[in-house]
Amino acid sequence: MKNKQIYFTGVHKAELLETEIPSVIPPGDVLAETVYTVISGGTERACIMGMDNTPKKFPMTLGYCGVGYVVKTGDDVKDVKKGDRVLIYHGVHAKYNLVPRSDVTVVENDDIDSLDAAFVIIASMALGGVRKLDAEIGESAMVMGQGLLGLFATQFLRLSGANPVVAADLGEHRRALALQLGADYAFDPSEEDFVSRVKQVTHGNGINACVEVTGYANALVQALSCAAWQGRISLLGCTRVSNCDIDYYNLVHRPGIKLIGAHNFVRPKVESYPHHWTHHDDCRAILDLIAAHRIKVAPLVSRVVLPARATEIYNQLCDDADFQPGTVFDWRLV
């Protein structure tokens with residue numbers, strides 16, 4: 001069977017190429033026909049640009065967030081069947097995805113739109129970072145960076161009872177979107193009085209629980225400068241380049257700050273426990289929240305495009321500092 005798949009064929013170069021799907025599905029695997037895949041801007045830009053702490057091996061394929069329908073399974077797969085709609089975790093941007101059974105989650109609620117479902121895996125990564133903060137009702141919270149992960153983290157902190165919820169981003173459009181999705185305040189971290197403004201809206205105490213999503217070392221310094229006594233900072237963004245000095249004594253050690261690594265791979269594999277849920281449990285929880293209209297996805301969708309535009313879209317991702325989050329590939333007509 002022929003497949004169409006987006007490859008990063010070199011630094012700053014993406015192409016839609018034809019590949020071949022095995023005629024026999026290996027044991028334990030699931031073949032799904034993709035409906036939508038979502039670009040994860042930070043990770044995919046870092047990889048296509050060959051940044052530090054990325055594989056730097058081309059060609060490579062990405063696209064870890066998508067949704068589709070099962071067309072075939074390996075002989076030993078009994079709990080997923082042909083026709084099931086599934087979230088595709090760590091698949092690729094392709095017409096068909098062949099992944100292990102452990103990397104699909106069945107979408108059981110037919111009322112959930114597939115375009116909304118396509119964002120659930122990215123949302124689960126944000127939720128994992130928020131859970132690790134152990135935020136309590138009434139604590140102040142901040143999200144540094146309002147891309148897809150940040151906008152979901154902002155919503156989850158709002159649901160968790162954080163007050164106030166502060167959003168920080170360089171982009172005016174993203175700050176406006178964060179306010180629309182539940183932030184109480186949205187500040188530009190490039191402004192000289194950024195830290196003082198954050199302190200002002202938290203009665204001078206600073207931020208109790210912060211999610212750092214940007215992956216920039218200077219944003220971490222700002223988060224530390226805004227932190228309350230014994231505050232917690234969840235490092236959700238991948239800080240690939242450490243290009244600034246941190247005064248660990250005054251910013252971390254003396255005020256008792258907790259820095260929490262929140263990479264998505266650091267999850268329990270089988271059973272959830274408080275503040276550490278499995279990937280599948282988080283995905284199912286988010287699907288339920290979407291169905292209950294407690295989490296909004298539609299405002300995050302900036303455009304739905306055909307995969308034939310892959311070269312153009314990734315050129316924009318590499319070159320445009322104002323690249324908007326929420327670009328979705330539609331595979332139905334490929």
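Let me begin by describing the structure that accompanies this report. (Residues numbered from 1 in each chain as written. Predicted model: local features only at pLDDT ≥ 70, side-chain atom pairs only at ≥ 80, totals over all residues. Heavy atoms only, no water.)

1. Structural notes on unusual backbone geometry
Going from Phe-58 to Pro-59, the amide bond is cis rather than trans, its omega being 0 degrees. Topologically, Pro-59 is positioned in the loop between helix 1 (41-48) and strand 4 (65-73). Cis rather than trans, the peptide bond between Asn-163 and Pro-164 has omega equal to -5 degrees. Notably, Asp-134 is not glycine yet its phi reads approximately 55 degrees, a positive angle. Relative to the elements of secondary structure, Asp-134 occurs in the loop between helix 3 (120-131) and strand 8 (141-144). Judged by relative accessible area, which is 40%, Asp-134 ranks as partly exposed. (Helix = DSSP H or I, 4+ residues; strand = E, 2+ residues; numbered from the N terminus. Buried < 20%, exposed > 50% of the residue type's maximum accessible area, 1.4 Å probe, protein only.)

2. A closer look at the environment of Pro-307
For Pro-307, the location among the structural elements is in the loop between strand 14 (303-305) and helix 10 (310-319). With residues near it in sequence (within four places) discarded, Pro-307 still touches Ile-6, Leu-16, Phe-329, Asp-330, Trp-331 and Val-334. (Contact = heavy atoms within 4.5 Å.)

3. A short note on the packing of helix 3 against helix 9 (residues 279-291)
Running from N to C, helix 3 and helix 9 point in directions that differ by 105 degrees, and their axes come no closer than 9 Å. On the basis of the axis angle, helix 3 is roughly perpendicular to helix 9. In this structure, helix 3 contributes Val-120, Ile-121, Ala-123, Ser-124, Leu-127, Gly-128 and Arg-131 to the contact, and helix 9 contributes His-279, Asp-282, Cys-283, Ala-285, Ile-286, Leu-287 and Ile-290. In terms of residue class, the contact of helix 3 with helix 9 is built from nine nonpolar, three polar and two charged. (Axes fitted to C-alpha atoms, helices over the stretch in contact; angles between N-to-C directions. Parallel < 35°, antiparallel > 145°, perpendicular 65-115°, else oblique. Nonpolar A, V, L, I, M, F, W, Y, C, P; charged D, E, K, R; others polar.)

4. Brief notes about the side chain of Asn-97
Considering the arrangement of structural elements, one finds Asn-97 in strand 6 (residues 96-100). Of note is the side chain of Asn-97, whose polar atom sits 3.1 Å from the side chain of Thr-34. A polar contact is formed between the side chain of Asn-97 and the backbone nitrogen of Val-92, at a distance of 2.7 Å. Setting aside chain neighbours within four positions, we find Asn-97 in contact with Val-30, Leu-31, Ala-32, Thr-34, Ile-88, Gly-91 and Val-92. (Polar contact = N/O pair within 3.5 Å; in protein donor to acceptor, adjacent residues only side chain to side chain.)

5. A short note on helix 6 (residues 194-201)
Buried residues of helix 6: Phe-194, Val-198 and Val-201, and no others. The buried residues of helix 6 all sit within an arc of 70 degrees when viewed along its axis, so they share a single face. On its buried side, helix 6 packs onto strand 8, strand 9 (165-168), strand 10 (185-187), strand 11 (207-212) and helix 7 (217-226). (Arc of directions from axis to C-beta.)

6. Comments concerning the state of the cysteines
Taken as a whole and assessed by the stated rule, the structure comprises zero disulfides. The cysteine Cys-283 is free of any disulfide, with Cys-65 supplying the nearest cysteine sulfur at 8.3 Å. Classification of Cys-283 by relative accessible area gives buried; the value is 0%. You can see Cys-318 has no disulfide; the closest cysteine sulfur is in Cys-47, sitting 11 Å from it. In this structure Cys-318 comes out as buried when scored by relative accessible area, which is 5%. (Disulfide = S-S within 2.5 Å.)

7. Here we look at the packing of aromatic side chains
What the rule picks out here adds up to five aromatic pairs. Both rings, one in Phe-152 and one in Phe-156, keep their centres 6.4 Å apart while their planes meet at 25 degrees; by these two values the pair is stacked. Of the two residues, Phe-152 and Phe-156 both sit in helix 4 (residues 148-159), four residues apart, roughly one turn of that helix. The residues Phe-152 and Phe-156 share a single accessibility class, namely buried. Here the aromatic rings of Tyr-185 and Phe-187 are separated by 6.0 Å at their centres, their planes lie at 25 degrees, and the arrangement is stacked. You can call Tyr-185 partly exposed: its relative accessible area is 33%. By way of ring pairs, the aromatic residues Phe-8, Tyr-314, Phe-329 and Trp-331 are connected into one cluster. The ring of Trp-277 carries Arg-131 above its face, with NZ or CZ at 3.6 Å from the centroid. (Phe/Tyr/Trp six-rings, centres within 6.5 Å; stacked < 30°, edge-to-face > 60°. Lys NZ or Arg CZ within 6 Å of the ring centre and 35° of its normal.)

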